[in-house]
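Descriptive structure summary
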Amino acid sequence: GAGVSQSPSNKVTEKGKDVELRCDPISGHTALYWYRQSLGQGLEFLIYFQGNSAPDKSGLPSDRFSAERTGGSVSTLTIQRTQQEDSAVYLCASSPRGDTQYFGPGTRLTVL
Amino acid sequence: AQSVTQLGSHVSVSEGALVLLRCNYSSSVPPYLFWYVQYPNQGLQLLLKYTSAATLVKGINGFEAEFKKSETSFHLTKPSAHMSDAAEYFCAVNPPGDDKIIFGKGTRLHILP
């Protein structure tokens, strides 16, 4: 069956531009997570959606970062006015609630 | 707050030798525990998970982990390393009643020929 997909797989942008990263979770999974993985670092939690509940945004590093999830399915992570320190791999995961998370392949963001 | 500690950001073992990756968690109540593996340029893949059944959990690719409540540990082992095991390994904990999973910082496993 289809797993978690993310697009684009690679994104190169200039400092100050906005970017949108997309995540398509596994059908039927109510929970969706975004993480950031920087070189040599672990997984940094960004935001968590669960069903129709208000998202847990406690991991977003600044107000330049936002995310939405439409119709309980597809999610978009938006980074405004990108900075070089935003360069990282952004991973999305979905799960059937509090259980095993299934990860997408990630989007590698490079800010020049 | 819950936390996960992985001892050693890099571990090197010879091909055919025992693999031991260490993970300790902090929780007053036994949580669910996971090990994930990340191969180069890929997302994370579940290796195994502990959900309060058997304390010795067997996963894919010959890996297993043992939950030890007295030591708050969930170390990952494999009897004989293979070159294809070279990857980054993440231990993670799901505290009871919490939907989020907390990841450790990862251990990069190097296999020496």
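Above this text sits the structure in question.
Computed from a prediction, not measured in an experiment: that's the story for all the values here. (Residues numbered from 1 in each chain as written. Chains lettered and ligands numbered in written order. Predicted model: local features only at pLDDT ≥ 70, side-chain atom pairs only at ≥ 80, totals over all residues. Heavy atoms only, no water.)

Regarding the overall build of chain A
If you tally the helices and strands in chain A, you get 0 helices and 10 strands. Moving toward the C terminus, one meets the helices and strands of chain A in the order β-β-β-β-β-β-β-β-β-β. Whereas a compact globule of 112 residues would reach a radius of gyration of roughly 13 Å, chain A reaches 13 Å, a difference of no more than 12%. Dimensions of chain A, computed from the C-alpha atoms along their principal axes, are close to 35 × 30 × 25 Å. (Helix = DSSP H or I, 4+ residues; strand = E, 2+ residues; numbered from the N terminus. Rg over C-alpha atoms; globule rule 2.2 N^0.38 Å.)

Points about the pattern of salt bridges
All told, the structure shown has 6 salt bridges over all chains when counted by the stated rule. The salt bridge partner of D24 of chain A is R22 of chain A, with a shortest N-O separation of 2.8 Å. With relative accessibility at 37%, the residue R22 of chain A sits in the partly exposed group. Here E64 of chain B ties to K58 of chain B by a salt bridge, and the two come within 2.8 Å at their closest N and O atoms. (Salt bridge = Lys/Arg side-chain N within 4 Å of Asp/Glu carboxyl O. Buried < 20%, exposed > 50% of the residue type's maximum accessible area, 1.4 Å probe, protein only.)

Some thoughts on the side chain of T100 of chain A
Looking at where T100 of chain A falls in the secondary structure, it is placed in the loop between strand 8 (88–95) and strand 9 (102–103). On the basis of relative accessibility, which here comes to 3%, the residue T100 of chain A falls in the buried class. Among the polar contacts made by the side chain of T100 of chain A, one reaches the side chain of K49 of chain B at a distance of 3.0 Å. (Polar contact = N/O pair within 3.5 Å; in protein donor to acceptor, adjacent residues only side chain to side chain.)

Focus: the state of the cysteines
Using the criterion set out here, one finds 2 disulfides over all chains in the structure. Residue pairing for C23 of chain A: its cysteine sulfur links by disulfide to C92 of chain A, the two sulfurs lying 1.9 Å apart. Residues C23 of chain A and C92 of chain A are joined through a disulfide that is left-handed, its torsion about the S-S bond being -65°. In this pair, C23 of chain A is assigned in strand 3 (residues 19–24) and C92 of chain A in strand 8, connecting sequence segments 69 residues apart. Disulfide pairing places C23 of chain B opposite C91 of chain B at an S-S distance of 1.9 Å. Residues C23 of chain B and C91 of chain B are joined by a disulfide whose S-S torsion is about -65°; by sign, that bridge is left-handed. Highlighted residues: C23 of chain B in strand 3 (residues 19–26) and C91 of chain B in strand 9 (residues 87–94), separated in sequence by 68 residues. For the pair C23 of chain B and C91 of chain B, a shared accessibility class is recorded, and that class is buried. (Disulfide = S-S within 2.5 Å.)

Side note on the packing of aromatic side chains
Two descriptors summarise a pair of aromatic rings, namely the distance from one centre to the other and the angle between the planes of the rings. Per the stated rule, a full pass over the model turns up 13 aromatic pairs over all chains. Each ring, one from Y50 of chain B and one from F67 of chain B, has its centre 4.2 Å from the other, and the planes form 15°; the classification is stacked. Note that Y50 of chain B is positioned in strand 5 (residues 44–50) and F67 of chain B in strand 7 (residues 64–68), a separation of 17 residues in sequence. Among the residues examined, Y50 of chain B registers a relative accessible area of 5% and is labelled buried. On the basis of relative accessible area, F67 of chain B is assigned to the buried category, the value being 7%. Pairwise contacts between aromatic rings join Y33, Y35, F45, Y48 and F103 of chain A together with F34, Y36 and F103 of chain B into one cluster. (Phe/Tyr/Trp six-rings, centres within 6.5 Å; stacked < 30°, edge-to-face > 60°.)

Topic: the environment of S3 of chain B
Residue and element names in this part refer to chain B. With respect to the secondary-structure elements, S3 resides in strand 1 (residues 3–7). Exposure remark for S3: the relative accessible area of 32% places this residue in the partly exposed category. In this structure the C-alpha to C-alpha distance between S3 and N24, which are 21 residues apart in sequence, comes to 8.5 Å. Excluding its chain neighbours within four sequence positions, the residues that come into contact with S3 are N24, Y25, S26 and V93. (Contact = heavy atoms within 4.5 Å.)

A few points about the sheet that holds strand 6 (residues 65–69) of chain A
Residue and element names in this part refer to chain A. Taken in spatial order, the 4 strands line up as 1-3-7-6 in an open sheet, and their pairing is antiparallel. Two strands close off the open sheet at either side, each with one partner strand: strand 1 (5–7) and strand 6. Sheet twist, expressed as the average angle between the axes of neighbouring strands with direction ignored, equals 15°. The sheet contact formed by strand 1 and strand 3 spans 3 bridges and is antiparallel. By the bridge assignment, S7 is partnered in strand 3 with R22. (Pairing = 2+ DSSP bridges. Axes fitted to C-alpha atoms, helices over the stretch in contact; angles between N-to-C directions.)

Note that all results are geometric; they support no functional claim without further evidence.
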